[in-house]
Amino acid sequence: MNHLIRTLVPLTLLIYLVGCGSNPYTNRSQLLLISEGQEVQMGNKLYAQVLDDPDVAVSTNSAEVDPVKRVAKRIISAAQQSKYAERAKSFNWEVNVIKDDKTKNAWALPGGKIAVYTGIFPEAKNENGLAAIMGHEVVHALARHGAERTSQHLAANLGMQITSHAFNLGRVGSSLAMQALGVGVLLPFSRSHESEADYIGLLLAAEAGYDPQEAVLLWQRMAEASKGAPPEFLSTHPSHTTRIQDLQKWMPEALAIYKQAPKASVSPLPAIE
Ligand SMILES: [Zn+2]
């Protein structure tokens, strides 16, 4: 009897809690245990924490800020006409450049909060490269990859909680969700998430009028940079050997979109020391 309860209770709770989704481009199914509202709230909170950090300098230099804002505007507009149109329109997008020439990083949080560090400019090289990075990042947010990582973490924790205690679901569930979401946003993306962000990001950048072929060159530059001190970007966006091969496999589809799209003007990014 005890055994039955131990098995049935978590199962029922999980069925009650589980939200499932699937990616509209790849049809990959997703376990989603937290709501979009919770996810966006946590994204906003993390973003405010980063920008309020006295050690973080938000750039006001137009040579650094303008190209990033230009690219972001076109990528967001492409996203708003994509299969993610509804979510992309609901996001309260915000883009900031962080003046930190040593940090090679960029990210987009749930809810559309984006940060690009000046340290990644040499790898991005020009606005096509920046579009490849931002297309990739924006897809992590739009495809709810953070929520998915959080859900996996949450399911594991909740399983332990369920088997070891009698508990108040509302309280335990929500505090675990908050903890897990914080962790989920900071964990490295899995290979399936990276691949999805590469593929859909490539299409978005092409739709936004940026040459998708730069994505291959970008990842080559990233690989080159990782031979010294690995860029921080690679700690949350692990590279894999098939990435460039996959990009080349998807290139005809992306180039066909690029051919039809109104072209963006593309300038080199400012040099950093
Ligand atoms: Zn990634």
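Higher on the page you've got the structure.
Every value quoted in this text rests on a predicted model; they were computed, and no experiment measured them.

1. Some details on the packing of helix H6 (residues 127-142) against helix H9 (residues 191-207)
One way to put it is that H6 packs onto H9 with a least axis distance of 7 Å and a crossing angle of 125°. In this view, H6 runs oblique relative to H9, as classed from their interaxial angle. Crossing hand, H6 versus H9: right-handed. Between H6, through Ala-131, Ala-132, Gly-135, His-136, Val-138, Val-139 and His-140, and H9, the contact on the second element is made entirely by His-193, Glu-196, Ala-197, Asp-198, Ile-200, Gly-201, Leu-202, Leu-204 and Ala-205. For the contact of H6 with H9, a count of residues per class yields nine nonpolar, five polar and two charged.

2. As for helix H12 (residues 243-260)
Residues spaced three or four apart along an α-helix face the same direction, because each turn holds 3.6 residues. Taking 1.5 Å of rise per residue, 18 residues should cover 26 Å, and H12 covers 25 Å from first to last C-alpha, within 8% of that figure. Three or more residues of H12 are buried, namely Arg-243, Leu-247, Ala-254 and Tyr-258. Contacts from the buried residues of H12 go to H9 and helix H10 (214-225).

3. Describing the sheet that holds strand S4 (residues 106-109)
Taken together, three strands build an open sheet; the order of strands is S3-S5-S4 and the sheet is mixed. For this open sheet the edge positions go to strand S3 (94-98) and S4, each flanked by a neighbour on one side alone. Sheet twist, expressed as the average angle between the axes of neighbouring strands with direction ignored, equals 15°. Across the sheet, helix H3 (residues 62-79) touches S3 and strand S5 (113-117), and the angle it forms with S3 is around 150°. Those strands touched by H6 are S4 and S5, and its axis lies near 30° from that of S4.

Definitions and cut-offs
- Residues numbered from 1 in each chain as written.
- Predicted model: local features only at pLDDT ≥ 70, side-chain atom pairs only at ≥ 80, totals over all residues.
- Axes fitted to C-alpha atoms, helices over the stretch in contact; angles between N-to-C directions.
- Helix = DSSP H or I, 4+ residues; strand = E, 2+ residues; numbered from the N terminus.
- Parallel < 35°, antiparallel > 145°, perpendicular 65-115°, else oblique.
- Left-handed = near helix turned anticlockwise from the far one by under 90°.
- Contact = placed C-beta atoms within 7 Å.
- Nonpolar A, V, L, I, M, F, W, Y, C, P; charged D, E, K, R; others polar.
- Expected span 1.5 Å × (residues − 1).
- Buried ≥ 20, exposed ≤ 12 C-beta atoms within 10 Å, placed from the backbone.
- Pairing = 2+ DSSP bridges.

The values are spatial; any link to function lies outside them.
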